[in-house]
Every structure is written in structure tokens, then in C-alpha cells.
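One-letter residues, chain by chain:
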Amino acid sequence: MKIVTICGAGIGTSAILKTNAERALERLDIEAEVTATDVASVAAVARDAQVILTSSELVDAIGKTNADVIVVDNYFDLDELATKLEKALG
């Protein structure tokens, strides 16, 4: 399973989201490859992803995808991430 986290520019925010997504997945006992990228690279990086995690501001920039796009309100809230990932992957 592949999950991609994206942010607007660079990979600072997406790296934070990646780390916390990995923690949430560990709580759920779900194994997945989590990759952080910027919005400009998302088409190439997320081509084979099952899930894309991002903020509401970037949803339109993702473009056409077969992945489930999950909007995360608080990148530091492991409970929110776990709940949303469980729903998408369950």
C-alpha cells in the first residue's frame, strides 16, 4: 500500500504529515509506504498511491487521481489521522 503526503512547496509540511501518518498507521497495525512530496510532483509520485493526504487548500491542485484524497485539518492530531486512515483503508 502506498500513501503520499503533499504540501504546497518543498517538503517540510509534508514530511511532518508523513511522520505522523506513519505513527497513526502503526497504531492501526497497518503497513504502508508513506512518501512526502510537493504539489508540483504529486502526479508522478502518487501515480500508484492508494491514499493522498493533504490540506483542503491543495485538493484542487492534485488533479485526476485514482487515490482516495484525505483532507487533514490538523497535521499533528494523530487521532484525526488514525480515524481518517482507518475509514479510507477499512
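Everything below is about the structure printed above this text.
Residues numbered from 1 in each chain as written. Predicted model: local features only at pLDDT ≥ 70, side-chain atom pairs only at ≥ 80, totals over all residues. Heavy atoms only, no water.

Draft legend 1. Spotlight on the pattern of salt bridges. Using the criterion set out here, one finds five salt bridges in the structure. By sharing partners, the salt bridges in this structure join D73, E80 and K84 into a single network. (Salt bridge = Lys/Arg side-chain N within 4 Å of Asp/Glu carboxyl O.)

Draft legend 2. Structural view of the packing of helix α1 (residues 12–28) against helix α4 (residues 78–89). Packing of α1 against α4 leaves a shortest axis separation of 9 Å and a crossing angle of 65°. Here α1 is positioned roughly perpendicular relative to α4, judged by the angle of their axes. Classified by chirality, the crossing of α4 by α1 is right-handed. Across the interface between the two elements, L17, N20, A21, R23, A24, L25, R27 and L28 of α1 pack against L78, D79, L81, A82, L85, E86 and L89 of α4. (Axes fitted to C-alpha atoms, helices over the stretch in contact; angles between N-to-C directions. Helix = DSSP H or I, 4+ residues; strand = E, 2+ residues; numbered from the N terminus. Parallel < 35°, antiparallel > 145°, perpendicular 65-115°, else oblique. Left-handed = near helix turned anticlockwise from the far one by under 90°. Contact = heavy atoms within 4.5 Å.)

Draft legend 3. Structural detail: α4. The end-to-end C-alpha distance of α4 is 16 Å, a good match for the 16 Å that 12 residues give at a rise of 1.5 Å each. When we look at burial in α4, the residues that qualify are L78, E80, L81, A82 and L85. Those residues of α4 that are buried lie in contact with β1 (2–7), α1, β3 (51–54) and β4 (68–71). Put simply, D77 is the residue that caps the front of α4, since its side-chain oxygen is 3.0 Å from the backbone nitrogen of D79. (Expected span 1.5 Å × (residues − 1). Buried < 20%, exposed > 50% of the residue type's maximum accessible area, 1.4 Å probe, protein only. Polar contact = N/O pair within 3.5 Å; in protein donor to acceptor, adjacent residues only side chain to side chain.)

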